[in-house]
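# Structure assessment
Read off the chains here:
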Amino acid sequence: MLIKTGIPTIEDIKSVFPSEDRINKGPVAVIECYQEIPCNPCFTSCNRNAIKDFADINDKPLIEDELCNGCALCISACPGLAIMVVDGSYSENEVLIKIPYEFLPLPKEGDTVKGLNRAGEYITDVKVIKVQNPKSFDKTPIIHIAVDRKFLYDFRNIKVEEV
Amino acid sequence: MRIQNHPILNFEKGEEIKFYFDGKQISAFKGETIAAALHAAGVKVLGKSLFKHRPRGFYCAIGNCSACSMVVNGEANVRTCVTMVQEGMIVETQKGKGEIL
Amino acid sequence: MKHVDIAVIGGGPAGLCAAISGASSGAKVLLMDRSEKLGGQLIKQTHMFFGSEKQYASVRGFDIADILLDKLNEYKDNIEIMNNTNVLGLYEDGVITIERNEKYEKIKPKSIVVATGASEKVLAFPNNDLPGIYGAGAVQTLMNVYGVKPGKRVLMVGAGNIGLIVSYQLMQAGVEIAAIIDASPTIGGYLVHASKIRRMGVPILTSHTVKEAIGRDCLESAVIWKLDENWNPIDGTEQEIETDVMCISVGLSPLSELLQQAECKMKYIPELGGQTVLRNENYETSVEGIYVAGDVSGVEEASSAMVEGYLAGLCAAQKIGFKHKNYNELKEDYIKQLESLRSGPIGHHIRSGIEKVMGV
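Since we're looking at a predicted model, the values are computed, not measured. Residue positions within a chain follow its written sequence, with the count starting from 1. Think of it this way: whatever chain is written first is A, whatever ligand is written first is 1, and the rest follow in order. In keeping with the predicted nature of the model, local features appear solely for residues at pLDDT of at least 70, side-chain atom pairs appear and are counted solely at 80 or more, and the whole-chain, interface and lining totals rest on all residues. Heavy atoms from the whole structure form the basis of all side-chain values; hydrogens and water molecules are not counted.

Moving on to the overall build of chain B. Summing up its helical and strand segments, chain B has 1 helix and 8 strands in all. The atom set for the radius of gyration is the C-alpha atoms, and the globule formula is 2.2 Å times the number of residues raised to the power 0.38. Relative to a compact globule of 101 residues, whose C-alpha radius of gyration would be 13 Å, chain B shows 14 Å and is just as compact. Seen through its principal axes, chain B has C-alpha atoms that stretch 45 × 25 × 20 Å. With a 1.4 Å probe rolled over the protein chains alone, any residue whose accessible area is under 20% of its type maximum counts as buried; one over 50% counts as exposed, and the rest are partly exposed. Burial analysis of chain B (101 residues in total) assigns 49% to the buried set. Here, two residues are considered to be in contact whenever any of their heavy atoms come within 4.5 Å of each other. Looking at chain B alone, contacts between residues at least 24 apart form 41% of all its contacts between residues at least 6 apart. Accessible surface area values rest on a Shrake-Rupley calculation with a 1.4 Å probe, where residue burial reflects the displayed protein chains alone. Of the roughly 5300 Å² of accessible surface on chain B, 49% is carried by carbon and sulfur atoms. Treating the 13 positive side-chain charges of chain B as one cloud and the 9 negative ones as another, the clouds have centres 12 Å apart. Secondary structure follows DSSP: runs of H or I at least 4 residues long count as helices, runs of E at least 2 residues long count as strands, and numbering of each begins at the N terminus. Under the convention used here, Asp and Glu are negative, Lys and Arg are positive, and both His and the chain ends fall outside the count. Lys charges are placed at NZ, Arg charges at CZ, Asp charges at CG and Glu charges at CD.

The next subject is the side chain of Gln55 of chain C. Residues and elements named next belong to chain C. As for its placement among the helices and strands, Gln55 is situated in the loop between strand S2 (29-32) and helix H2 (61-74). For Gln55, a relative accessible area of 2% corresponds to the buried category. A polar contact of 2.8 Å, which involves the side chain of Gln55, links it to the side chain of Gln337. In this structure Gln55 touches Ile64, Ser303, Met306, Val307, Gln337 and Leu341, once residues within four positions along its chain are discounted. Polar contact is defined as a pair of N or O atoms within 3.5 Å, subject to the rule that within protein one atom must be able to donate a hydrogen and the other to accept it, and that residues adjacent in sequence are counted only when both atoms are side-chain atoms.

Moving on, we come to the pairing of strand S2 (residues 83-87) of chain A. All names here are of chain A. The buried fraction of S2 amounts to 5 of the 5 residues, a majority that puts the element mostly inside the structure. Along S2, one buried face is formed by Ile83, Val85 and Asp87 and the opposite face, lined by Met84 and Val86, is buried too. For two strands to count as paired, DSSP must find a minimum of two bridges between them. Bridging between strand S1 (residues 28-31) and S2 involves 4 bridges; their strand directions are antiparallel. Among the inter-strand pairings, Val30 is bridged to a residue of S2, identified as Met84. When S2 meets strand S3 (residues 94-100), the two strands line up antiparallel, connected through 3 bridges. Counterpart to Asp87 in the pairing with S3 is Leu96.

This part takes up the nonpolar core. Grouped together as the largest cluster of nonpolar side chains are 103 residues, with contacts concentrated most on Ile158 of chain A, Leu38 of chain B together with Leu170 of chain C. To define a nonpolar core, start from buried Ala, Val, Leu, Ile, Met, Phe, Trp, Tyr and Cys residues and group those joined through side-chain atoms within 4.5 Å. Ala18, Phe49, Val277 and Val292 of chain C belong to the second largest nonpolar core, which has 61 residues in total.

On the chain C side, the residues contacting the 39 residues of chain A number 36 residues. Defined in terms of a 1.4 Å probe, buried area is the accessible area two parts forfeit on being brought together, summed over both. Between chain A and chain C, roughly 3200 Å² of surface is buried when both sides are summed, and carbon and sulfur atoms account for 56% of that area. Within this document, salt bridges are pairs made up of a side-chain nitrogen of Lys or Arg and a carboxyl oxygen of Asp or Glu, the two lying within 4 Å of each other. Between chain A and chain C we count 2 salt bridges in total. Put simply, Arg60 of chain C and Asp138 of chain A hold a salt bridge, and the shortest N to O gap is 3.7 Å. Put simply, chain A and chain C have 20 residue pairs in polar contact (both at pLDDT 80 or more) between them. Every element with two or more residues in the side of chain A that touches chain C is listed here: helix H1 (2-5), helix H4 (41-45) and helix H5 (73-77) of chain A. Broken down by element, the side of chain A that touches chain C gets its largest block of residues, 4 residues, from H1 of chain A. Along the lines of polarity and charge, the residues of the side of chain A that touches chain C split into 18 nonpolar, 12 polar and 9 charged. Residues are sorted three ways: Asp, Glu, Lys and Arg are charged, Ala, Val, Leu, Ile, Met, Phe, Trp, Tyr, Cys and Pro are nonpolar, and all the rest, Gly among them, are polar.

With that out of the way, let us pick up the interface of chain B and chain A. Contact residues are listed per partner, giving 4 residues for chain B and 4 residues for chain A. For the pair chain B and chain A, the summed buried surface comes to about 370 Å²; carbon and sulfur atoms form 68% of the total. Three residues, Asn5, Pro7 and Ile8 of chain B, lead the burial of chain B against chain A; their summed loss comes to 91% of the area buried on that side. For the pair chain B and chain A, the interface holds 0 salt bridges. In this structure, the connection of chain B to chain A is made through 1 residue pair in polar contact (both at pLDDT 80 or more). When its residues are assigned to classes, the side of chain B that touches chain A shows 2 nonpolar, 2 polar and no charged.

As a further point, take the sheet that holds strand S7 (residues 90-92) of chain B. Residues and elements named next belong to chain B. As summarised here, the arrangement of the 5 strands in space is S2-S1-S7-S5-S6, forming an open sheet in which the pairing is mixed. The open sheet terminates on both sides in strands that have one partner only, identified here as strand S2 (24-29) and strand S6 (75-79). Across this sheet, the average inter-strand angle for adjacent strands is 40°, counted without regard to direction. The sheet contact formed by strand S1 (residues 16-21) and S2 spans 6 bridges and is antiparallel. Across the sheet, residue Tyr20 finds its bridge partner in S2, namely Gln25. Axis lines are fitted through C-alpha atoms, for helices just across the contact stretch, and the angle between N-to-C directions can take any value from 0 to 180 degrees.

Another aspect to go through is the sheet that holds strand S7 (residues 157-159) of chain A. Hydrogen bonds between backbone atoms are what pair the strands of a sheet, whose relative direction is either parallel or antiparallel. Residue and element names in this part refer to chain A. Ordered in space as S1-S2-S3-S6-S5-S4-S7, the 7 strands form an open sheet in which the pairing is antiparallel. Looking at which strands have only one partner, the edges of the open sheet turn out to be S1 and S7. Along the sheet, successive strands turn relative to each other by an average axial angle of 40°, direction set aside.

So, on to the confidence of the model for chain C. The predictor attaches a confidence to each residue, called pLDDT, with possible values from 0 through 100. Scored by pLDDT, chain C has a mean of 97; 100% of the residues are at 70 or more. What the predictor reports for the complex is a pTM of 0.97 with an ipTM of 0.97.

As a further point, take the packing of helix H3 (residues 136-145) of chain C against helix H4 (residues 161-172) of chain C. All names here are of chain C. It is the contact of H3 with H4, at a shortest axis distance of 10 Å, that shows an interaxial angle of 30°. Relative to H4, the element H3 lies roughly parallel. As for the relative orientation of H3 and H4, their crossing is left-handed in sense. Where H3 abuts H4, its residues Ala136, Val139, Gln140, Met143 and Asn144 lie against Ile162, Ile165, Val166, Gln169 and Leu170. Taken together, the residues of the contact of H3 with H4 break down into 7 nonpolar, 3 polar and no charged. Throughout, the term roughly parallel applies to angles under 35 degrees, roughly antiparallel to angles over 145, roughly perpendicular to angles from 65 to 115, and oblique to all others. Crossings are classed by handedness, with left-handed meaning an anticlockwise turn of the near helix from the far one by less than a right angle and right-handed meaning a clockwise turn.

A word on the environment of Leu42 of chain C. Position of Leu42 of chain C among the secondary structure elements: in the loop between S2 and H2. Between the C-alpha atoms of Leu42 of chain C and Pro126 of chain C, which are 84 residues apart in sequence, the distance is 33 Å.

Once that is clear, we can look at a nonpolar patch on the surface. On the surface, Leu88, Tyr91 and Tyr104 of chain C cluster together into a nonpolar patch covering about 330 Å² of accessible area. Within the fold, Leu88 of chain C resides in strand S4 (residues 85-90). Residues forming no salt bridge and having over 30% relative accessible area are the ones grouped into patches, like charges within 9 Å of each other and nonpolar side chains (Val, Leu, Ile, Met, Phe, Trp, Tyr) within 5 Å.

Here we take up H2 of chain C. All names here are of chain C. With 14 residues, H2 ought to run about 20 Å at 1.5 Å a step, and its terminal C-alpha atoms sit 20 Å apart, in line with that. Taken residue by residue, H2 has Gly61, Phe62, Ile64, Ala65, Leu68 and Leu72 as its buried positions. For H2, the angular spread of the buried residues around the axis is 150°, confining them to a single face. Seen from the buried face of H2, the exposed residues on the opposite side, beyond 90 degrees, are Asp70 and Glu74. In this structure, the buried side of H2 is in contact with helix H1 (13-24), S2, strand S3 (79-82) and helix H7 (302-319). Multiplying 1.5 Å by the residue count of a helix minus one yields the expected span of that helix. This arc is built from the directions going out from the helix axis to the C-beta atoms.

All names here are of chain B. Secondary-structure assignment places Gly42 in the loop between helix H1 (34-40) and strand S3 (47-48). Taking relative accessible area as the criterion, Gly42 reaches 54% and is therefore assigned exposed. Spatially, the C-alpha atom of Gly42 lies 22 Å from that of Gly96, the residues being 54 residues apart in sequence.

Structure follows, in structure tokens:
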């Protein structure tokens, strides 16, 4: 249970995921913000109005999947690192998942790294497609990962082995 | 025990200096506290308690609690967590209250 | 004796904002801090802040310190900074005594903002005094200010925001976390912080506490055990964890000694961290002309500490005849910001604490 362990249940996860149809159309943000806390940078960082204005700053974010183009600006703006972008149009067998990653060493494009679930457990090897780390991300790099479709709801983190 | 690479921070180290802990020479960097320099050198025991002579280390590291009191250049009860280390400084384990005269 | 309009004691988030606010109202401000470097605990916060743009949400804490220092610099004609200055006493006649450069000095301000912050609490268990058992904030100072790792394998005690954030920062510094434990049955900090450390593989054990620490000269291991629903330890659930650093993150209490010296009315308010000063909505205490802001007025987040600082500085200036040209709008805005930061379910304990603090 999330409030006891920090691990969201599959029901929690599915409650914030867009439909698989939407995911298969192209990149879209998934906001795993399950608790009302005073915070709104996801809204202020979104320049497509896909994340709705907060009536109260404690509201949980609401995202309109059809307006979101998966630009990923909200990923590195979120102080809770609670946002990722999923793209089901990437390939037949894989989804592309963009996650924030604030650790060293950073992976490199083309690397195979360990894919972890929300408990930090190894689930499968995954491939690093791209590493974005411009100054505007303010030291929250975004890593693009190709993940076997069957791990869509499981994959959330990577482990990069020290060389 | 020093951090070499950090994803968020760049540590700008000051000039390397030497000081003495219980007679032993230790390297440190200008701009760091005595307690930080000792910790980096693996020294965690800074004093001995008054009655039971139990080992004492720092607790708050921001000058609130006085657990890090040591004898510095002959002066007892110096809060080493907020006192900057200096070239040639003589730092000693404090036993109990320390001598104030 | 030195005379100033407003003396601000403490140069953390609340004190910096109080000084900016007082100076922008036209008052001459003296800002005193015991450290070399202003910014208080902001300088070791490497994570992005929550809140809204007005409280610099999404900016990292140490960068917020720089933003506030730049703002302070805009009013440098009205602000005198005394760093490396220890405030020793706050007397009933409004005189402040300080120690600076090993000299004793006296200051007579027309009003005062006390923004001294808070100190870390300790936890009682056998051998809790062993070196290697540190406040979580202490470890944050050691690694994020001085670049020194506290040890190899940390047991974090407390799953509030500080415990969760410091655990994450320890991992960023390359230190292993054995576990995060908390006596409460649920995680007290933001769940997003919990999830981001959990998905690094760190177990979070709620309903667990420390039975004892083990070690000769320094911490070598710790025994933890499970608590039942009445918070009583359950025999037979002991686990020994190998650890050379235990971080205690079980809350903070206001550093209110100066306020007590000045005979400000105090009350024990657990929701706000312990002995807390009574105040009115302008953050003025029971002693006229003495204002408070930040954790010393009740332990909360740095975001609200900054807003409290702006509000207290504004009111402390107005009180002595320096009314900001936008006084009414600013005051209303600060009050609104504080209300919204505290309005959600997570702010419940703060709201109930504040109800008890109001009324001088």
